[in-house]
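The chain contents come next:
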Amino acid sequence: MDAPTVRDNLLPAVTGPEVADDTLVLRVLDLSLRIGEVQIASGAGAAVAHDTMLAIAGAYGLPACDVDIAFSTITMCCHRGNEAGPVTTMRNVRYRTQDYTRLTEVDEIIAAIVDRDEPMRVEEAITRVGHAVRAPHPYPRFVAGIARSLFAGAVAFLLGGGLVVALLATVATGVIWAVARWLARRRVPMFFQQMVSATIVTLSATTLAWTGTLDDSPAFVIAAGIVVFLSGLSLVGLVQDAISGFPLTAAGRAVEVVLASAGLLVGVVVSIKLVGAVLGTDAGAYAAVVPPSPAPSLHPISLLAAAAAGMLFALSAYAPWRSLPLAALAGAVAWAGYGLLGILGAGEVVAAALAAAALGLVAMLLPRMLGTPPLVLVIAGITPLLPGLTMYRGFSQLAYGSVAVGAVTILLALTFGLALAAGVSVGEQVGWPLQRLIRRLLPGVTAEDRERELRRGRPRVF
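Overview of the structure. (Residues numbered from 1 in each chain as written. Predicted model: local features only at pLDDT ≥ 70, side-chain atom pairs only at ≥ 80, totals over all residues. Heavy atoms only, no water.)

### Structural notes on the pairing of strand 2 (residues 73-78)
Sheet topology note: the strand 1 (residues 65-70)/strand 2 ladder contains six bridges and is antiparallel. Residue Asp 66 lies in a different strand from strand 2, and its bridge partner there is Cys 77. Two successive antiparallel strands, strand 1 and strand 2, enclose a turn made up of two residues, where Phe 71 displays a positive phi of approximately 60°. Here strand 2 runs beside strand 3 (residues 87-92); their pairing, made up of six bridges, is antiparallel. The partner of Thr 75 across the bridge, within strand 3, is Met 90. (Pairing = 2+ DSSP bridges. Helix = DSSP H or I, 4+ residues; strand = E, 2+ residues; numbered from the N terminus.)

Pasting the structure below:
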């Protein structure tokens, strides 16, 4: 009902001799593709990259363009009317990364192009994008590794473990991070990286519990490691692509998430079987002890651990220094919302979704002058809420033969993670028009400011 007419679907016409020359078209398309590649590789939604590329082309006088994004392939075509043929070019996204400093620098370049009446010169923009992509990280790699290890310790504490558990999770994650880096440099597929990492953390934690070194259940250490493994997956981008009408990209990201989770499953199950075969059934029994998920708590120590987890995750993802306090605040806000809703009687999945929606809304309404893309804040905030303990419970149930129960538990964990991502998307959908409305109603807003706001469109990095 009320279907759009053919006229509404047509691109704007480019008439007569007023067509851009080949040099300008090729430079603008190359610039747009490079920026879209950085956004897609960093976990942003396909709709964001799509709208950003069209906005850049429009800023340089190319209004009639098409963009097609299919997970690892970006294609862009510029139509030049009846006087010249169209120009089409393509770029492959060959990597996935969490480098939020690079993402922030590219966002500043986009602002200098789209948000100004006179955009930055194309040559200067291409130079800055190239420098942003090739520039070294803002701090040494070992700092990111230490931050990722401490992040695992904070998550283990949030899951209910003590200081010893947090320390062991920190050390185990440091070893895993080094092994994963070694495998990644040798182009080992993600499935095997996840499998080897899960094997290391499961074997070490179960063996330490059998020797008596670890008094608590090894599930806390293993679950913290699983959260670290899951934190690199683009769950938010998956849900956003499915909602915003990019099914191919959403399907590709879904396959990526499923394969990475399957690697964790194989590593955990094989490790449990190996421990039972080598050390005996008594050692294998330690892996079967999975405590229930802790009740949400608003204790100041829990909020402090959540804030530390958010900040450490942002630090491990090379976020700019100025964004670290906001990432810590995001972690505390998300955990506080999750805990408050849990105390009020909401289920785990509902509480997680609503807390993520509130976080997404807050991230959208923060002023752009803070210099932190919303994606950095929401990922840092929801990562400590990932269901590592529930995921491990399902893995252990499969290892001990409870296939039906284990499958249901794993499905619950996946539903929990997707609820977090869907909640963030809801916060974006509510916060985006609300943000634009607030900016229009601010005192002193001119007609030029309103026109610039309409031209800006969807948030660029979310």
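Still to come is the rest of the account.
### A few points about a nonpolar patch on the surface
A surface patch of nonpolar side chains, amounting to about 430 Å² of accessible area, comprises Leu 365, Leu 434, Leu 437, Ile 438 and Leu 441. A per-element tally of the nonpolar patch places helix 18 (residues 403-441) first, with four residues. (Patch = residues over 30% accessible without salt bridge, like charges linked within 9 Å, V, L, I, M, F, W, Y side chains within 5 Å. Areas by Shrake-Rupley, 256 points an atom, 1.4 Å probe, with all protein chains shown as cover. Salt bridge = Lys/Arg side-chain N within 4 Å of Asp/Glu carboxyl O.)

### Overview of the environment of Ala 305
Mapped onto the elements of the fold, Ala 305 is located in helix 13 (residues 300-316). Here Ala 305 falls in the buried class, since its relative accessible area comes to 9%. Once the C-alpha coordinates of Ala 305 and Leu 158 are considered, the two residues, 147 residues apart in sequence, prove to be 6.7 Å apart. Aside from chain neighbours lying at most four places away, what touches Ala 305 is Ala 154, Phe 157 and Leu 158. (Buried < 20%, exposed > 50% of the residue type's maximum accessible area, 1.4 Å probe, protein only. Contact = heavy atoms within 4.5 Å.)

### Some details on the nonpolar core
With 126 residues, the main nonpolar core has Tyr 60, Ile 113 and Tyr 392 as its most contacted residues. Excluding its chain neighbours within four sequence positions, the residues that come into contact with Ile 113 are Leu 31, Ile 56, Ala 59, Tyr 60, Pro 119, Met 120 and Ala 125. (Core = buried A, V, L, I, M, F, W, Y, C linked by side-chain atoms within 4.5 Å.)

### Details of the environment of Gly 423
By the secondary structure assignment, Gly 423 is in helix 18. Gly 423 gets classed as buried once you look at its relative accessible area, which sits at 4%. Between the alpha carbons of Gly 423 and Leu 354 there is a distance of 6.0 Å; along the sequence they are 69 residues apart.

### Description of the sheet that holds strand 2
Taking strand neighbours across the sheet as the criterion, the three strands line up as 1-2-3 in an open arrangement whose pairing is antiparallel. Every interior strand has two partners, whereas the edge strands, strand 1 and strand 3, have only one. Ignoring strand direction, the axes of neighbouring strands in this sheet form an average angle of 10°. Across the face of the sheet, helix 3 (residues 46-59) comes into contact with strand 1 and strand 2 while running at roughly 155° to strand 1. (Axes fitted to C-alpha atoms, helices over the stretch in contact; angles between N-to-C directions.)

### Describing helix 10 (residues 235-243)
Along an α-helix, residues three or four positions apart point the same way, because every turn accommodates 3.6 residues. Most of helix 10 sits inside the fold, with seven of its nine residues counted as buried. Every buried residue belonging to helix 10 is among Leu 235, Val 236, Gly 237, Leu 238, Val 239, Gln 240 and Asp 241, and all of these are buried. Positive backbone phi, at 90°, marks Gly 245, one or two positions downstream of helix 10.

### Overview of the state of the cysteines
Per the counting criterion, the structure on display carries zero disulfides. Cysteine Cys 77 is unpaired, with the sulfur of Cys 78 as its nearest cysteine sulfur at 7.0 Å. Judged by relative accessible area, Cys 77 falls into the buried class, the value being 13%. (Disulfide = S-S within 2.5 Å.)

### A few points about the packing of aromatic side chains
Scanning all chains against the criterion turns up six aromatic pairs. Here Tyr 139 and Tyr 318 contribute two aromatic rings whose centre-to-centre distance is 5.6 Å and whose plane-to-plane angle is 25°, an arrangement assigned as stacked. Of the two residues, Tyr 139 is situated in the loop between helix 5 (122-134) and helix 6 (141-158) and Tyr 318 in the loop between helix 13 and helix 14 (324-343); the sequence distance between them amounts to 179 residues. No difference in accessibility class separates Tyr 139 from Tyr 318, as the two residues are buried. Where Phe 151 meets Phe 313, the ring centres are 5.6 Å apart and the plane angle is 50°; that geometry is what we call tilted. Within this pair, whereas Phe 151 is found in helix 6, its partner Phe 313 is found in helix 13, the two being separated by 162 residues in sequence. A relative accessible area of 0% places Phe 151 in the buried class. Counting every residue linked through ring pairs, the aromatic cluster contains Tyr 139, Tyr 318 and Trp 321. Note that Arg 96 overlies the ring of Phe 71, its terminal NZ or CZ placed 4.4 Å from the centroid. (Phe/Tyr/Trp six-rings, centres within 6.5 Å; stacked < 30°, edge-to-face > 60°. Lys NZ or Arg CZ within 6 Å of the ring centre and 35° of its normal.)

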